[in-house]
Structure formats: structure tokens, C-alpha cells
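Structural overview for review
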Amino acid sequence: MLVALVSCSQSTRQEYLLEKGWRFTKGDGDYAPVKVDDSAWESVTVPHDWAIYGPFDANNDAQVVAIEQNFETRASLKTGRTGGLPYVGVGWYRLEFDAPGFGDGKSAELVFDGAMSQAKVYLNGQFVGEWPYGYNSFHFDVSEFLRKDGGKNTLAVRLENLPESSRWYPGAGLYRNVHLIVTDRVHVPVWGTQLICEDISEQSARVDLKVKIRGAADGIRTDIIAPDGRQVASSTESTEIEGGRRQLIDVSDPQLWSPESPSLYKAVTSLYVQGKKVDEYTTTFGIRTIELVSDKGFLLNGKVRKFQGVCNHHDLGPLGSAINEAALRRQLTLLKEMGCDAVRTSHNMPAPELVRLCDEMGFMMMLEPFDEWDIRKCRNGYHLFFDEWAEKDMVNMLHQYRNNPCVVLWSIGNEVPSQCDASGYETARFLVDICHREDPTRFTTCGMDQVLCVLENGLAGLLDVPGFNYRVHLYEQAYDVLPHKLVLGSETASTISSRGVYKFPVEKTARVRHDDLQCSSYDLEYCGWSNVPDIDFAMAQDKEWEIGQFVWTGFDYLGEPTPYNLMPNHSSNFGIIDLASIPKDRYYLYRSVWRPDAETLHILPHWTWPGREGEVTPVFVYTNYPSAELFVNGKSQGRRSKDLSDEQGRYRLMWNEVVYEPGEVKVVAYDAAGKAVAEQSVRTAGEPDHLELLPDRNTLAADGKDLAYVEVRVVDKDGNLCPNDNRLASFSTAGAAGSYRAAANGDPTCLDLFHLPQMHFFGGRLTAIVQAAERGGQVTLTASAPGVQSGSVRIAVKTRP
């Protein structure tokens, strides 16, 4: 079955999304031939992640290794490193489909946005091709494999994930979209344009468009469409280049792309043969300038700005790695509200939906292809394929995304083992040369953690801007040595915390482990190689030549459960936002610094501590205001002002001697003139009374994919959060317009399966996800739990007009 994604009005090009009607089985066999009985296989919709349904089991990813990136020298048992989920093994997908519009005089291309991993593709029983790397997009010309008589076609895809092939949860299966593109024999191929904006001013900009053409076209026309939908320029003039045509088109009064104003244009290119239009290809682009200026920094559209970025892995928490645009939009919305303006795709090629959303919503991007080069980190990692496939993978990534204005940096790798030897320098030069050859308009970097090595051997100097992972204490030494006179924090902080968990006494400490396998949300715990956020804030504010940071990480992710590295821990603690998409306290610390003109006033910890009466319980306040006064049950605890001479006191207001007594903690914030301008309070919770449901959206699109994230909270009769409540909740839905999809609670030790309609609370909170159907109407989500009143929320699902 085919669902049309795009069909040009002139019927010159049809693009179909192959999403429904797939059959899937785990295990191997001779499943490539057309005549295979797959009737007993599981029916699935693609994107599909076969491993996210569990079960969690330490044996799924048990390995005895030394994690060299963590300075381990002796091997030890690790479990949960890839989430404790069953991603290892072989899986087959089969699909029977029509190909409307295909026949004599037509071409067809299969495009895979990603397939995890070692994909082998068969069409109508014939081998089409393979692509080992699970994160990259790839495509095959299938014109000679498709049936031309209008009969049904059979597509079979074999995937295999080897053990110890990843340092985090990679997912498994056809986890990104699959497309069929049918065109005339004369057409623009996949990723067939390169568009560069030059001579940009307030009055005009020149579009330099290179168009690859398959076949012999005798006419070309490109129309430039402005962000408001108006045609603002057009050209039928072109010059011949190798493999295609080149057009130069002037645009008047350009609207520049930036995170604050992400204006997008379209170049609509039409090909003609003997006056007949045979193809139409749209290139979305933005007009903007980027510069690196020694001692001054990174400039976007002529203005200096620092990256306020995060690193993210690709999984979507309880949805696994199966791509979903609504889930990505939810993540980016939370990050935008925090003040984030950049994303590093660590450590792999992104889904095209993520790049498109960053274009639309205004995020700069650092795209990163690999975690390994030719020397292993994992026994079965990318090093097995690097020599044969690295250039092919790089070229695909560069061609796919070199027209997206959000992309400003190409990273060539992350903490590779060879960064300290001569082979690493040569490999880096090989990769940098590919970037500059295929896209001379963007800058290269690399996430490097061995700072002294790469300064000495020249690898750091080879890059357009060196990216350092942690090691903030070496930034100034690097600045003194490097010819660039610029430094990028390509990976920073790695502060660890569990939402709603607080440890006493409060102290800044590294490598700490607690009996409950959690980390403290006072945001002062970190790893042996990393630091607390305050150090990175100060570096960015104090040194013009430091061009910003990408924090590890924006969201918690499945796998890499540092510092414990043993089940039941199966997800990270690094995230500013937890696995349930609920912000941790640290979110408000970043927001207070990254959005200085927006009000932030956040108190921690919670104030429900039975048994701590009379004990010292420090209170921190994260705010953009310069000072505040704290009150406990109406009694002042003193007024604090930010102290530029103190590492933590510069960004946090701290009352370290507060003695706990039940009641109310209130903070009053003062502006620079000393005027009270805002207040916030936290109260001791009473007995749990009922469940409160808070959806992020009240209306969904009836597309079968849209999602609402519903926070479910245990509260007392007055609506105060019960922060120590971990009872089990159950979910049900009513109405044909939607259904329950998954839930998560942010607890890195909780082994509840995400897809089942039940989940324990963690700190009195969790998130349930509702998915829209393909019909309009309403869906009601009800959450219930023993001993408290249930709660419901009604969500409208609307069809497109």
C-alpha cells in the first residue's frame, strides 16, 4: 500500500511514502524472493523500531569492556550501555506495493532516510544494493527492478545489528522513512541541487544554483518563492556545467535567516524537453552569512553570537528511535523556550525531519557523521566499514544537507582514538578535504577530548574551528597556540542529575555514586572528565574568542547510564530534560543565563521532607534577576545577590543554611534597581488526593502520527505536587480519534515497558503520549492509580481543511 506524500500538480514527479502494509519478522531466512509466505509475520507501520518494545534485560547488552573515553584502564562488566533493549540480531521487512505512474520513459528511486543497520535491499526478488551504516540516508535507482506492467512489486529489506556495535541505544529496523520517487527519464536526481547565496546585503542577494540533470533537457526555469509565498525572482538563463546547468538569480530585499527569524525561500526548478515540462524539483533554502573572525568569534549575518547549543542522541525516549515529527517538534519547542539556539547531532547523521524543523523553527546545527574512524571504540563499531564507506557516507550527508541554512558546521568525528597519532591527522585531513570539496561554504570542526595532543600534532589547527570536549581549563592554552584565535566548546558540562532527587549534604563532587542509583538535582555532580555548567557559562561570557558551547545533553537518552553502567540503570543522567520530556532543575539554570531578558524564577528542592525536620536543607534559586530574598513560612532567610567572584554564586542564588520545616518557601526577586518584580513559592504537599493531567497540546492533526504529551502529576487536595509519590498509574483512552502510544517517567532505573498502558510515577510525575488517528473527533485519556482520584483530559483531533 502506498500513501502519497507529494504529488506535483503537473504530475511530472510523484513522491510516495512507503509506510503502511509492511510485514516484519525477527530472525533470518531466505526471505528475499517474491513468493515468501509472510502472512504470519507482524504487521507494522514504518518508521518502526523493533527493539523499543523490550523486554529490558541485562543480557541484551552485557559486555566486559574498559571505556577509554572515561579514562578506564581495566575492563569490567557493563550492562545497560545500549539501554538493555534487544536491538542485536537480524530482522526482515517485506512490503507489497503498487507504483502509480511508473512505466516506459520513467525513472524510479528508492530513498531510505536510515535503516539500522547493514541494510540489504531486494526488489521483486533481485538484489538492489546495500548500505552498512544505519544512520545515513541512501538511495538506489530501481528503474530496472520495478514492474512496468502495473503489477504489484515486492520489496524486502534485511537488517542486522551486531553486538557491541554502539556506545548508546541505536534502535533497530526501518526506523526512518522510506520513499519511492517516480520521475521522467529526464529529471533532477536525489539531492541534485547545490544552492549558494552570495553578495548578500540589505538590498539584494545572488542565488548561485547548480542543478544536476539526468538525461537531456533542452530548457530550464527556476522561480524563487519568498517566505510569504510570492514569486520574487525567476530565470530561464543558464550555463552548462559538468552533469547539469548553472543559474545565477538576483533576489531583491532579502529576508535573512536566523534563529530569531527563520525565513525560508524556495527555488522551484522545472526541466523541459521540446517545450514540455518533464520535472519539477524544489530546493528550500535560506539567505544568511556565516563568518569566523579571529579574536572576535562566530558571526551570523554580520553579528557576533555565541552558540547556546545542546548535543542530542537520536532516540525519542519512550518512542525509541522510530522517527516522529511531532516528537521532534516537542523537543525543539522545549529547547527553544530554554534559550537554546543550536543542536549538535551527536554522533551520527540526523533524520531529515530534524534538519527541516531546525530550518523552520530557527536552530543552527552542527552535523556529525561518526563516533569512530578506522580505530575501534566498540568491537563491531563503524571502524569495520570506515575504509570502504566513509567517503560515501560523508558525501551523502553533505549533498543531503548542504542547502539547509540551519547547518553551519560539519563535524568530522567525536573523540576518536587516533586523535593523538599521525594516522589521526591524515584521516582528519581526508575528511576535511571532502567537506571543503563538496561544500566550500561551511566550517569544519571535530569533537576532540585530547586537547594537548591535537594542539601538538596539528590536528586542531587543521580544522576551520577546533572543537574541544570538556577540558575548559585548557581553552586559554589552546587560544595562545592556535592560529585561529578561536575555540568552540563542542561538548560541555556532562553534569548529571535525576529529576526531583536531592542528596545531602550538598556538595560539588565528581564520580559520586549513591545507593539508590540516582544523581542529585542540586546540579553539582559531574563526571571525572567533565564539570558543572557554571564554568562553561563564565568562559563564554568572559572570553570573546570562545564562540559558545554544545551541552551534553539536551535530553536524557537510552543507554550510557553513567556513572553506574549497570542495570537497572539503562538511560543517561546527563540531560537537561529527562527521558519523559520533563525539564529538570538544570533547565532553569540554563534558561536564566541563555534568556537574560525573559523572566526565570525557579526554586529547588521541593519542600516535602518528612523526617528532615530541623535539618539543614539548602535552597537554590535559578533566576535572571540579580538578587532575591528567601522566606520560610514568612521568615526571611536573607537576601542574596549574584557574586561575580564566586564560581557558583555568579549564576545561582544559594541559601546553604536553611533549616527544613514544613510549610512554604517563597522567593522574591529584585531587579537591578532593587525593585521587587517577581515571586515564586513551593509548599509542603499534603496527602496525595488526585491525578492532574496537563497536555502540551489540546488539538492534534488527524494524520495518524501527531502526538500530545500529557504530563500526569500526583497532587494533594490543593494542587501541590506530591514529590515523593511513585505509585503505579494505568491509562485508557476513549474515542476513535486517537489512542495511547507510550509513557515514560524519567527514572533511569525504572524497567517499566514504555508501550504498555501503565507506568510508575517518579517524583510524582510522568508523561503519557496520545497519538492521533486518521479521522477527526475527540480522544479522552484517563489516568488512574490506587488511592487517588483518577483524572482525564480530552483532546480534539481535526482533519485538514
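Remember, predicted model here, so these are calculated numbers, not experimental data.

What counts and how
Residues numbered from 1 in each chain as written. Predicted model: local features only at pLDDT ≥ 70, side-chain atom pairs only at ≥ 80, totals over all residues. Heavy atoms only, no water. Helix = DSSP H or I, 4+ residues; strand = E, 2+ residues; numbered from the N terminus. Rg over C-alpha atoms; globule rule 2.2 N^0.38 Å. Buried < 20%, exposed > 50% of the residue type's maximum accessible area, 1.4 Å probe, protein only. Polar contact = N/O pair within 3.5 Å; in protein donor to acceptor, adjacent residues only side chain to side chain. Contact = heavy atoms within 4.5 Å. Phe/Tyr/Trp six-rings, centres within 6.5 Å; stacked < 30°, edge-to-face > 60°. Lys NZ or Arg CZ within 6 Å of the ring centre and 35° of its normal. Pairing = 2+ DSSP bridges. Axes fitted to C-alpha atoms, helices over the stretch in contact; angles between N-to-C directions. Salt bridge = Lys/Arg side-chain N within 4 Å of Asp/Glu carboxyl O. Parallel < 35°, antiparallel > 145°, perpendicular 65-115°, else oblique. 1 Å grid on protein atoms, 1.4 Å probe; cavity = no way out; pocket = protein on both sides within 12 Å on 5 of 7 lines; lining within 4 Å. Points joined across faces, edges and corners; volume = space filled by probe spheres on them. Nonpolar A, V, L, I, M, F, W, Y, C, P; charged D, E, K, R; others polar. Disulfide = S-S within 2.5 Å. Patch = residues over 30% accessible without salt bridge, like charges linked within 9 Å, V, L, I, M, F, W, Y side chains within 5 Å. Areas by Shrake-Rupley, 256 points an atom, 1.4 Å probe, with all protein chains shown as cover. Lys, Arg positive; Asp, Glu negative; His and termini not counted. Charge placed at Lys NZ, Arg CZ, Asp CG, Glu CD.

Some remarks on the overall build of the protein chain
- When you go through the protein chain residue by residue, the secondary structure sums to nine helices and 50 strands.
- Here the C-alpha atoms of the protein chain give a radius of gyration of 27 Å, agreeing with the 28 Å that 2.2 N^0.38 yields for 801 residues.
- Counting only C-alpha atoms and orienting by the principal axes, one finds that the protein chain spans roughly 85 × 60 × 55 Å.
- By the burial criterion, 62% of the 801 residues in the protein chain qualify as buried.

Structural notes on the side chain of Lys-78
- On the secondary structure map, Lys-78 appears in strand β6 (residues 76–78).
- Its relative accessible area of 3% is what places Lys-78 among the buried residues.
- At 2.9 Å, the side chain of Lys-78 forms a polar contact with the backbone oxygen of Val-65.
- Once residues lying within four places of it in the same chain are set aside, the contact partners of Lys-78 are Asp-61, Ala-62, Gln-63, Val-65, Ile-67, Glu-72, Asn-565 and Leu-566.

Here we look at the packing of aromatic side chains
- Enumeration over the complete set of coordinates arrives at 37 aromatic pairs.
- Considering the side-chain rings of Trp-131 and Phe-138, the 5.7 Å spacing of their centres and the 5° angle between planes classify their relative orientation as stacked. The pair Trp-131 / Phe-138 is uniform in exposure class, with both members buried.
- Ring centres 5.2 Å apart and planes at 80° place the aromatic pair Phe-504 and Trp-609 in the edge-to-face group. Pair noted here: Phe-504 is in the loop between β31 (487–493) and β32 (509–510) and Trp-609 is in the loop between β35 (601–604) and β36 (619–623), with a separation of 105 residues, a long-range link.
- Grouped by ring-pair contacts, the aromatic residues Tyr-133, Tyr-135, Phe-370, Tyr-382, Phe-385 and Phe-386 constitute a single cluster.
- Lying over the aromatic face of Trp-389, Lys-392 brings its terminal NZ or CZ to 4.2 Å of the ring centre.
- Over the ring of Tyr-479 we find Lys-485, and its NZ or CZ is 4.9 Å from the ring centre.

What to know about the sheet that holds strand β47 (residues 758–760)
- The strand order across the open sheet built from five strands is β43-β50-β49-β45-β47, with neighbouring strands paired in mixed fashion. With one partner strand each, in any of the chains shown, β43 (699–701) and β47 form the two edges of the open sheet. Direction aside, neighbouring strands of the sheet carry axes that sit 30° apart on average.
- Taken together, the three bridges between β43 and strand β50 (residues 791–798) define a ladder with parallel strand orientation. Directly across from Leu-700, in β50, lies its bridge partner Val-797.

Re the pattern of salt bridges
- Considering all chains together, one arrives at 52 salt bridges under this definition.
- Linking Glu-774 and Lys-20 is a salt bridge whose minimum nitrogen-to-oxygen distance equals 2.5 Å. Of this pair, Glu-774 sits in the loop between β48 (765–772) and β49 (777–784) while Lys-20 sits in the loop between β2 (13–17) and β3 (22–26); the two residues are 754 residues apart in sequence, bridging distant segments of the chain.
- Look at Glu-774 and you get partly exposed, because its relative accessible area is 49%.
- The network of salt bridges with common partners includes Arg-167, Asp-371, Lys-377 and Glu-560.

Comments concerning the pairing of strand β12 (residues 153–161)
- A large share of β12 lies buried, amounting to eight of its nine residues.
- By the bridge criterion, nine bridges tie strand β7 (residues 89–97) to β12 in an arrangement that is antiparallel. The residue of β12 that forms the bridge with Arg-94 is Ala-156.
- The pairing of strand β9 (residues 119–123) with β12 spans four bridges and is classified as antiparallel. Following the sheet pairing, Leu-123 is matched in β12 by Leu-155.

Observations concerning unusual backbone geometry
- Geometrically, the link from Val-46 to Pro-47 is a cis peptide bond, its omega value of 10° lying close to zero.
- Its place among the elements puts Pro-47 in the loop between β4 (42–44) and β5 (63–65).
- A cis amide bond links Ser-346 with the next residue in sequence, His-347, at an omega value of -10°.
- Positionally, His-347 belongs in the loop between β26 (342–345) and α2 (352–361).

Quick notes on the packing of helix α8 (residues 533–542) against helix α9 (residues 585–594)
- With their axes 12 Å apart at the nearest point, α8 and α9 run at an angle of 10° to one another. Taken together, the axes of α8 and α9 are roughly parallel relative to one another. Here α8 contributes Pro-533, Phe-537 and Gln-541 to the contact with α9, which in turn contributes Arg-586, Leu-589, Tyr-590, Val-593 and Trp-594.

Regarding the layout of surface pockets
- If you add up the space inside the second largest pocket, you get close to 710 Å³.
- For the lining of the second largest pocket, the secondary structure elements donating two or more residues are α9, β35 and β41 (676–683).
- Across the lining of the second largest pocket, the residue classes tally to eleven nonpolar, eight polar and six charged.

Notes on the state of the cysteines
- Across all of its chains, the model carries one disulfide by this definition.
- Between Cys-406, a cysteine without a disulfide, and Cys-358, which holds the nearest cysteine sulfur, the sulfur-to-sulfur distance is 5.3 Å.
- Cys-446 provides the cysteine sulfur closest to Cys-435, a residue in no disulfide bond, and the two sulfurs are 10 Å apart.
- A residue is classified by how much of its surface remains accessible, and Cys-435, at 0% relative accessible area, is buried.

Quick notes on the environment of Pro-33
- On the secondary structure map, Pro-33 appears in the loop between β3 and β4.
- For Pro-33, a relative accessible area of 30% corresponds to the partly exposed category.
- Once the C-alpha coordinates of Pro-33 and Tyr-87 are considered, the two residues, 54 residues apart in sequence, prove to be 25 Å apart.
- Residues within four places of Pro-33 in sequence aside, it is in contact with Arg-94 and Gly-125.

A closer look at empty space enclosed by the protein
- Evaluation of the coordinates by the stated rule reveals seven cavities of 30 Å³ or more.
- Its volume calculated, the largest cavity comes out at about 310 Å³.
- In terms of lining residues, the largest cavity is bounded by 24 residues, among which Tyr-133, Tyr-135, Ser-165, Gly-381 and Tyr-382 are the most central.
- Along the lines of polarity and charge, the residues of the lining of the largest cavity split into eleven nonpolar, nine polar and four charged.

A closer look at a negative patch on the surface
- A surface patch of negative charge is lined by Asp-374, Asp-387, Glu-388 and Asp-421.
- Positionally, Asp-374 belongs in the loop between β27 (364–367) and α3 (386–401).

Comments concerning the sheet that holds β9
- Ordered by their spatial adjacency, six strands build an open sheet running β4-β3-β7-β12-β9-β10, and the pairing between neighbours is antiparallel. Sheet topology places β4 and β10 (126–131) at the edges, where each strand pairs with a single neighbour. Within the sheet, the average angular offset between the axes of one strand and its neighbour, ignoring direction, is 25°.
- The sheet contact formed by β3 and β4 spans three bridges and is antiparallel. Counterpart to Arg-23 in the pairing with β4 is Ser-43.

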